[in-house]
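For reference, the chains in residue letters:
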Amino acid sequence: MGGKSIYGFSPIFFIIEHPAKHDLVAGESPVTRAGLEQNHMRYEDYQTYLSAEEDPEETSTNLLKTHPVGLGITIEGLTFRYPTNETDTLKNINLTIKPGSKVAFVGENGSGKSTLIKMILGLYKPTTGSIKWYLDNQEIEANQVAKYCRVVFQDYTRLLRPVRENVAIGDMTKLDDDLALMNALESANANDFIKDLDSHIGPQFGGIDLSGGQWQRLATGRAYLRESLLTVFDEPTAALDPNSEKKAFEMFINLGGQQTSIIITHRLYMAKFVDEIYMFRNGEIVEHGTHEELIRAKGEYEKMFTQQASLYAIQSEVV
Amino acid sequence: MRNYSNLANIFLLLFNILKRSPVVCILTIIVPLISGILTFFTFSAQSNLINTIVDSARLNMNEMIRLAFEGRMAEYLSNSLKDAPILRELKVYSAFDFFKGIWSDFVLKHYKRRYGVRKYEIKVGMILAIIQTTAIYVILLYLLDKMNESDQVTVGGISVLFLALLPIGGQIMALSLVQFVYRRI
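Residues numbered from 1 in each chain as written. Chains lettered and ligands numbered in written order. Predicted model: local features only at pLDDT ≥ 70, side-chain atom pairs only at ≥ 80, totals over all residues.

J.: Looking at this model, I keep getting lost on the pairing of strand 8 (residues 260-264) of chain A. Mind explaining?
T.: Successive side chains on a regular strand alternate, one facing one side of the sheet and the next facing the other. All names here are of chain A. Across the five residues that make up strand 8, a large majority, five, are buried. Of the two faces of strand 8, the one carrying Thr260, Ile262 and Ile264 and the one carrying Ser261 and Ile263 are both buried. Judged from the four bridges that link them, strand 3 (residues 102-107) and strand 8 form a sheet pairing that is parallel. If you follow phenylalanine 105 over to strand 8, its bridge partner there is isoleucine 264. Inspection of the sheet shows strand 7 (residues 230-234) paired to strand 8 by five bridges, in the parallel sense. Within strand 8, the residue paired with leucine 230 across the bridge is threonine 260. (Buried ≥ 20, exposed ≤ 12 C-beta atoms within 10 Å, placed from the backbone. Helix = DSSP H or I, 4+ residues; strand = E, 2+ residues; numbered from the N terminus. Pairing = 2+ DSSP bridges.)

J.: Is there a simple way to explain the nonpolar core in this structure?
T.: Across soluble globular proteins, you tend to see nonpolar side chains buried next to one another. With 84 residues, the main nonpolar core has Leu121, Cys149, Val167 and Ile277 of chain A as its most contacted residues. Not counting residues within four places of it along the chain, the set of residues in contact with cysteine 149 of chain A comprises Leu121, Ser228, Leu230 and Val232 of chain A together with Val92 of chain B. (Core = buried A, V, L, I, M, F, W, Y, C linked by C-beta atoms within 7 Å. Contact = placed C-beta atoms within 7 Å.)

J.: Explain the confidence of the model for chain B here, please?
T.: Segments scoring low in pLDDT should not have their predicted coordinates read at a detailed level. Residues and elements named next belong to chain B. In this model, chain B carries an average pLDDT of 72, and 58% of its residues clear a pLDDT of 70 or more. The lowest-confidence element of chain B is helix 7 (residues 155-184), averaging 60 in pLDDT; the highest-confidence one is helix 5 (residues 84-92), averaging 87. Taken together, the chains of this predicted complex give a pTM of 0.66 and an interface ipTM of 0.77. (pLDDT = per-residue confidence, 0-100.)

J.: Whenever I open this one, the packing of helix 7 (residues 178-187) of chain A against helix 8 (residues 212-225) of chain A confuses me. Can you help?
T.: When two helices pack together, their arrangement is given by the angle between the helix axes and the distance between those axes. Residues and elements named next belong to chain A. Here helix 7 crosses helix 8 at 125°, and the two axes come no closer than 8 Å. In this view, helix 7 runs oblique relative to helix 8, as classed from their interaxial angle. Our pair here, helix 7 against helix 8, has a crossing hand that is right-handed. Counted together, Ala180, Leu181, Ala184, Leu185 and Ser187 of helix 7 and Gly221, Arg222, Tyr224 and Leu225 of helix 8 form the full contact between these two elements. (Axes fitted to C-alpha atoms, helices over the stretch in contact; angles between N-to-C directions. Parallel < 35°, antiparallel > 145°, perpendicular 65-115°, else oblique. Left-handed = near helix turned anticlockwise from the far one by under 90°.)

Structure, rendered in structure tokens:
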């Protein structure tokens, strides 16, 4: 090993990136596979994420002018299995998302929707089958996909850092662009509780405290900051009350604009407004089509929709 | 024949040495005795002096609060950047390197500050050690000079030489060790 490192107690990413350069101080343990698993993270995932190249400068601010339609995606015979699992999480997935279309993935928890989203974002590679991305009819590489995407995950990042940094995650080149940051917050209806971009978040660091809904709007703000050709909403409204949820969904529709958009949702009434719905069960697509087509088919979607509609009717009667 | 106690014998011996060779006696007995007494009674004063010098290079309260904040933030970031959902989102947005940079800046600053204080302490220690060693050398040279003047080697003279060389040897070793540690840092 080389000389003494200032990153003595470095997390594993330094060891992975520069195994020869970074030494560990005796008595301070490195991040191990077990250590990562304590953070609910697979070692393989960690390596996969870290292998993705980063270049914030490449994030184009004129994407929408140069590519007004959006990203197209074709998935053929895709199967995926997590390294530690014994069964496939996704089985024989075939679908085509046309540039500029709005698509909803619906289905029960654990049916593979979020895993497919991670694959669409280029974070995981298929075990078998293929996934291809097209921009202006030209295929693009998996490691290039992320720079064309923006996403609001269900478990969106809540960093106890200044507001500025939390919003600028969407596009780090705009970290010092106060106007762009404030516009993004305004678009996400977050400007009512954020007055100062340099306010620190997190009472444990002497900063402000945000509610779940406020965090959600902040996370949406960072998506607004970034111009993209594919917008993904991975059920970020799960923890919100119905009113906030409705607003968040409207925000998603606005956010997507003319670009390709994918939403994962349990609330089927939201799926009514998209071009195509894919119904997942146990890692497979069991139904797909427009809302009207699926209702007419009287399959699983129609059953779930009717159940939810009656539940909403009961709730509104109670209210 | 008079029967003296051991203590009386020692004083008698000292008196005889003093009468025959006052210089050797002063160097072998009086100087170390005075030095010892001074060291013993001024220990707290010396200690306070060194602490004051070192403390001036240490941290004031505001700096400590800032460093504590940065330390907690570095730990928080270290944990957050290993969290799967956070890492996933930061990678999608190409923002991971930015936060990793913030974390490493905190750690770098902390280490620089910590080693800065330690280096200063070592510097002060080295200067004090050099003063001590120089003083011993001066006494040794004075002694050798006196022995040369008297043109005779006495038991007392040899004893003083021996006693003087012991701490010098220790100081040389200590200095070498300090320099070795200093270079490593």
